[in-house]
Amino acid sequence: MNGETSLNLRNGFCIFENVLSQGPTPIVSDGENKYVVFETELEAQKEIADYAMTRLRQFIDGERDFDDAIVVDEYVVPVTVHPDGTITDEDGRCFGPYAE
């Protein structure tokens with residue numbers, strides 16, 4: 001593990017989407033362009049639901065097409081956060097610490 005001990009790692013959950021040219025990719029970042037890692041799966045799921053409700057509201061308000069509003073492409077993935085801020089998913093893919 002490159003000298004890292006399990007004490008330096010923490011587990012969490014990120015919201016991913018299958019990006020056409022990159023495959024599964026975390027998509028939620030904070031104001032500093034770092035990936036957001038949720039402490040629980042439920043928190044991440046609620047974030048997806050909140051965004052889905054926003055898209056539906058935009059449809060009702062005439063700001064978005066119906067098909068775009070009802071499709072949910074985001075999903076929750078368990079991740080490990082390393083001391084330098086990078087995250088790895090369950091398949092060993094490494095991201096960050098900054099969103100691309």
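Computed from a prediction, not measured in an experiment: that's the story for all the values here. (Residues numbered from 1 in each chain as written. Predicted model: local features only at pLDDT ≥ 70, side-chain atom pairs only at ≥ 80, totals over all residues. Heavy atoms only, no water.)

1. Some remarks on the overall build of the chain
Next up, step 1: Counting its regular elements, the chain contains two helices and five strands.
Next up, step 2: Reading the helices (α) and strands (β) of the chain from amino to carboxyl end gives β-β-α-α-β-β-β.
Next up, step 3: Seen along its three principal axes, the alpha-carbon backbone of the chain occupies a region of about 55 × 30 × 25 Å.
Next up, step 4: Taking all 100 residues of the chain together, 29% fall into the buried category.
Next up, step 5: At a minimum sequence separation of 6, the contacts of the chain that also span at least 24 residues come to 55%.
Next up, step 6: Of the accessible surface of the chain, which amounts to about 6700 Å², a share of 49% is contributed by carbon and sulfur atoms.
Next up, step 7: Of note, the chain has its 7 positive side-chain charges centred 4 Å away from the centre of its 21 negative side-chain charges. (Helix = DSSP H or I, 4+ residues; strand = E, 2+ residues; numbered from the N terminus. Buried < 20%, exposed > 50% of the residue type's maximum accessible area, 1.4 Å probe, protein only. Contact = heavy atoms within 4.5 Å. Areas by Shrake-Rupley, 256 points an atom, 1.4 Å probe, with all protein chains shown as cover. Lys, Arg positive; Asp, Glu negative; His and termini not counted. Charge placed at Lys NZ, Arg CZ, Asp CG, Glu CD.)

2. Description of helix α1 (residues 41–60)
Next up, step 1: Helix length check: α1, at 20 residues, gives a terminal C-alpha distance of 29 Å against a target of 28 Å (1.5 Å per residue), a fit within 8%.
Next up, step 2: Those residues of α1 that fall on the buried side of the exposure criterion are Ala-44, Ile-48, Ala-52 and Arg-55. Projection of α1 onto a plane perpendicular to its axis shows the buried side chains occupying an angular sector of 80°, all on one side. In α1, the exposed positions angled more than 90 degrees off the buried face are occupied by Lys-46, Met-53 and Ile-60.
Next up, step 3: Buried residues along α1 sit against β1 (10–19), α2 (66–70) and β3 (75–81). (Expected span 1.5 Å × (residues − 1). Arc of directions from axis to C-beta.)

3. Some remarks on the pairing of β1
Next up, step 1: When β1 meets β3, the two strands line up antiparallel, connected through seven bridges. Counted as the bridge partner of Phe-16 is Tyr-75 from β3.
Next up, step 2: When β1 meets strand β2 (residues 23–26), the two strands line up antiparallel, connected through four bridges. Paired with Phe-16 across the bridge in β2 is Pro-26.
Next up, step 3: The hairpin formed by β1 and β2 contains three residues between the paired strands. (Pairing = 2+ DSSP bridges.)

4. What about the packing of aromatic side chains?
Next up, step 1: Summed over all chains, the structure comprises three aromatic pairs.
Next up, step 2: When the ring of Phe-16 is compared with that of Phe-95, the centres are 5.5 Å apart and the planes differ by 85°; the resulting orientation is edge-to-face. Separated by 79 residues along the polypeptide, Phe-16 in strand β1 and Phe-95 in strand β5 (residues 94–95) bring together distant segments of the chain. Considered together, Phe-16 and Phe-95 belong to a single accessibility category, that of buried residues.
Next up, step 3: On the basis of an interplanar angle of 65° and a centroid distance of 5.2 Å, the ring pair of Phe-59 and Phe-66 is categorised as edge-to-face. (Phe/Tyr/Trp six-rings, centres within 6.5 Å; stacked < 30°, edge-to-face > 60°.)

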